[in-house]
Amino acid sequence: MFSNLPSPQQDPILSLSLAYRQDQRDKKIDLGIGVYRNSDGVTPVMDSIQKAEQIVLNDQETKAYVGMAGDEEFNAAALNLVLPDSGITERAISVQTPGASGGLRMLAELISFSSPGATIWLSNPSYVNHQPVMEAAGLKVKHYRYFEANSKQVDVNAMLDDLSKAGAKDVVLLHGCCHNPTGADLTHEAWKQVTLLAQKNGFLPFIDIAYQGFGDGLAQDAFGVQHMAANLPELLVTSSCSKNFGLYRERTGSAIVVADQKNHAMNARGKLLQMARSTYTMPPAHGASIVKTVLLDKELKSSWMTELEQMRLRLVSLRQQLCSELATKTNSEDFEFIKQHKGMFSVLGFSAEQMIRLREEFAVYGVNDGRINIAGLMEQDLTYVATAIAAVR
Ligand SMILES: Cc1ncc(COP(=O)(O)O)c(C=O)c1O
């Protein structure tokens, strides 16, 4: 049965982590894998999450099955976090998924079922798992221009130019905020322009929002989702609780469908549940119980928001400090773009060779596509990392 299987391909980011762990040098810096780290280099369990988890443990009476859609109170709270407008939520549904990864796959399958072989447009570049997930669900993948190598910002005109070729049967995947890997986000104006194009050409936007609260703030980061939902008949969204609740391994996320009318959204929900039934049947409960406990309790929600804001401000401050170190080391403003990028990642614009040099000569581990995780920086390493970047630029 299995003798004809090809040997597995290495995941570039996971093999980078392995190489980092095996590196024997005293000074080594991991800017590879996409997890938030605090100033001690730890991916913390947030205080509000610990408190909520204790409440969940104290109050739980059973571990009986929940249901294919997961926890409905979580679903309502998670929907409210990205789409607080009750006018829109009336024609929307949300089901709990195993992380946003599960949401991506479920929604891709929904597209595939509704429109077999449809084309989905991904930004160039995009999150490393987008293309495999979309193709695994049977979708055709095309790319639209996004990141402009010189300015290290979004080339909105090129993006709109490419998306003008996306037709009524196409889907366009967008990052809600904190674009992975580049860190370059759409401005409000650009969101409005893409929305106008979707109205004109009829393509369906699909927003992946995995870092809400890490960019400009919890409410601000949902601007794109909210603007599109308010101005378009249909929208797909997947949201993640991995980063902003620090619940990575608890696999907690949502698949959201906004439709032109409630009964169409309910039909989409029915299909999603049928697909859940034939794959994992129902999502894991623990992470969703924690998120629900946080979001439904005024005090816990407020402490969670404070902690999240502190994480966001740490990222902003690290970006500023790295920029000023780089300005000193290079005697230039070449790296100012790092300050304008949002969230955990920035693409430096380095080639794979330069990234390998960073690794081999300085034990600074970033991804070969030039992505570094700003949250992997510790304050005491900023000068060292800036020296390394300046040396290989
Ligand atoms: C853009 C993007 N989407 C989705 C995910 C998957 O998140 P989750 O852990 O919720 O599956 C990630 C994780 O890195 C991501 O960066």
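Cut-off values and rules
- Residues numbered from 1 in each chain as written.
- Predicted model: local features only at pLDDT ≥ 70, side-chain atom pairs only at ≥ 80, totals over all residues.
- Heavy atoms only, no water.
- UniProt positions renumbered as here; feature names shortened; annotations may be inferred.
- Near = heavy atom within 4 Å.
- Polar contact = N/O pair within 3.5 Å; in protein donor to acceptor, adjacent residues only side chain to side chain.
- Areas by Shrake-Rupley, 256 points an atom, 1.4 Å probe, with all protein chains shown as cover.
- Helix = DSSP H or I, 4+ residues; strand = E, 2+ residues; numbered from the N terminus.
- Nonpolar A, V, L, I, M, F, W, Y, C, P; charged D, E, K, R; others polar.
- Domains from an automatic or database assignment.
- Contact = heavy atoms within 4.5 Å.
- Buried area = accessible area lost by both parts, 1.4 Å probe.
- Salt bridge = Lys/Arg side-chain N within 4 Å of Asp/Glu carboxyl O.
- Core = buried A, V, L, I, M, F, W, Y, C linked by side-chain atoms within 4.5 Å.
- Buried < 20%, exposed > 50% of the residue type's maximum accessible area, 1.4 Å probe, protein only.
- Pairing = 2+ DSSP bridges.
- Axes fitted to C-alpha atoms, helices over the stretch in contact; angles between N-to-C directions.
- Expected span 1.5 Å × (residues − 1).

- Under an unreviewed UniProt entry, the protein chain has the name Aromatic amino acid aminotransferase and belongs to Vibrio inusitatus NBRC 102082.
- What UniProt states about the protein chain under its Sequence similarities (unreviewed entry) heading is, verbatim, "Belongs to the class-I pyridoxal-phosphate-dependent aminotransferase family."
- In its Cofactor (unreviewed entry) section, the UniProt record describing the protein chain reads: "pyridoxal 5'-phosphate".

**Some remarks on the site of the ligand**
Thought 1: Inspection of the region around the ligand gives Gly99, Ala100, Ser101, Tyr127, Asn180, Asp208, Ala210, Tyr211, Ser240, Ser242, Lys243 and Arg251 as its neighbouring residues.
Thought 2: A distance of 2.6 Å separates an oxygen atom of the ligand from a polar atom in the side chain of Tyr211.
Thought 3: Ser240 places a polar side-chain atom, nitrogen or oxygen, 2.7 Å from an oxygen atom of the ligand.
Thought 4: Isolated, the ligand exposes 400 Å² of accessible area, and the fraction of that covered by the protein chains is 91%.
Thought 5: Looking at the shell around the ligand element by element, the count peaks at three residues for helix α5 (residues 99–114).
Thought 6: Here the residues of the shell around the ligand sort into four nonpolar, five polar and three charged.

**Notes on the domain arrangement of the protein chain**
Thought 1: Domains assigned within the protein chain are domain 1 (12–46 + 300–392) and domain 2 (65–296).
Thought 2: A straight line from the C-alpha centre of domain 1 to that of domain 2 covers 26 Å.
Thought 3: The interface is formed by 27 residues belonging to domain 1 together with 29 residues belonging to domain 2.
Thought 4: Buried surface at the junction of domain 1 and domain 2, summed over both partners, amounts to about 2,300 Å²; 66% is from carbon and sulfur atoms.
Thought 5: Looking at the side of domain 1 facing domain 2, the largest losses of area belong to Trp304, Arg312 and Lys342, adding up to 27% of the total buried there.
Thought 6: Residues Asp216 and Lys342 are paired through a salt bridge, measuring 3.3 Å at the closest nitrogen-oxygen approach.
Thought 7: Where domain 1 meets domain 2, there are 12 residue pairs in polar contact (both at pLDDT 80 or more).
Thought 8: Contributions of two or more residues to the side of domain 1 that touches domain 2 are made by α12 (298–330), α13 (337–340) and β11 (345–347).
Thought 9: A per-element tally of the side of domain 1 that touches domain 2 places α12 first, with eight residues.
Thought 10: The residue inventory of the side of domain 1 that touches domain 2, partitioned by class, reads 15 nonpolar, seven polar and five charged.

**Notes on the nonpolar core**
Thought 1: Counting 93 residues, the largest nonpolar core has Met159, Leu174, Phe214, Phe245, Trp304, Leu322 and Ile338 as the members making the most contacts within it.
Thought 2: It is α12 that provides the largest number of residues to this core, a total of nine residues.
Thought 3: When residues of this core are assigned to domains, at least three fall in each of domain 1 (12–46 + 300–392) and domain 2 (65–296).
Thought 4: In this view, Leu322 contacts Ile338, Ile372, Ile374, Leu377, Leu382, Val385 and Ala386; residues no more than four positions away in its chain are not counted.
Thought 5: Of all hydrophobic cores here, the second largest spans 31 residues; its members include Ile93, Met106, Ala137 and Val141.

**Examining the sheet that holds strand β2 (residues 92–97)**
Thought 1: Strand order in the open sheet made by the seven strands is β2-β10-β9-β8-β7-β3-β4, with mixed pairing throughout. Unpaired on one side and paired on the other, β2 and β4 (140–145) mark the two borders of the sheet. Adjacent strand axes in the sheet meet at a mean angle of 25° when their direction is disregarded.
Thought 2: Alignment of β2 against strand β10 (residues 253–258), held across six bridges, turns out to be antiparallel. Across the sheet, residue Ser94 finds its bridge partner in β10, namely Ile256.
Thought 3: Its contacts with the sheet put helix α3 (residues 72–82) on β2, β8 (204–209), β9 (235–240) and β10, and the angle it makes with β2 is roughly 115°.
Thought 4: Along the sheet face, helix α10 (residues 262–277) touches β2 and β10 and points at about 15° away from the line of β2.

**Topic: the environment of Thr62**
Thought 1: Structurally, the position occupied by Thr62 is in the loop between α2 (47–59) and α3.
Thought 2: Sequence separation between Thr62 and Gly167 is 105 residues; the distance between their C-alpha atoms is 49 Å.
Thought 3: Separated by 2.9 Å, the side chain of Thr62 and the backbone nitrogen of Ala64 make a polar contact.

**Description of the pattern of salt bridges**
Thought 1: On inspection of all chains with the given rule, the structure shows 16 salt bridges.
Thought 2: For Glu72, the salt bridge goes to Arg269, with nearest N and O atoms at 2.5 Å. Residue Glu72 is found in helix α3, and its partner Arg269 is found in helix α10; the two are separated by 197 residues along the sequence.
Thought 3: What makes Glu72 partly exposed here is its relative accessible area of 42%.
Thought 4: A salt bridge links Asp161 to Arg145; its shortest N-O distance comes to 3.3 Å. Residue Asp161 is found in helix α7 (residues 156–163), and its partner Arg145 is found in strand β4; the two are separated by 16 residues along the sequence.

**Description of the side chain of Thr330**
Thought 1: Relative to the helices and strands, Thr330 is located in helix α12.
Thought 2: The buried category is assigned to Thr330, whose relative accessible area is 10%.
Thought 3: Polar side-chain contacts of Thr330 include one of 2.8 Å to the side chain of Ser332.

**Looking at α5**
Thought 1: Over its 16 residues, α5 extends 23 Å from the first C-alpha to the last, a length consistent with the 22 Å expected when each residue adds 1.5 Å.
Thought 2: When α5 is considered as a whole, its buried residues turn out to be Gly99, Ala100, Gly102, Gly103, Leu104, Met106, Leu107, Ala108, Leu110, Ile111 and Ser112.

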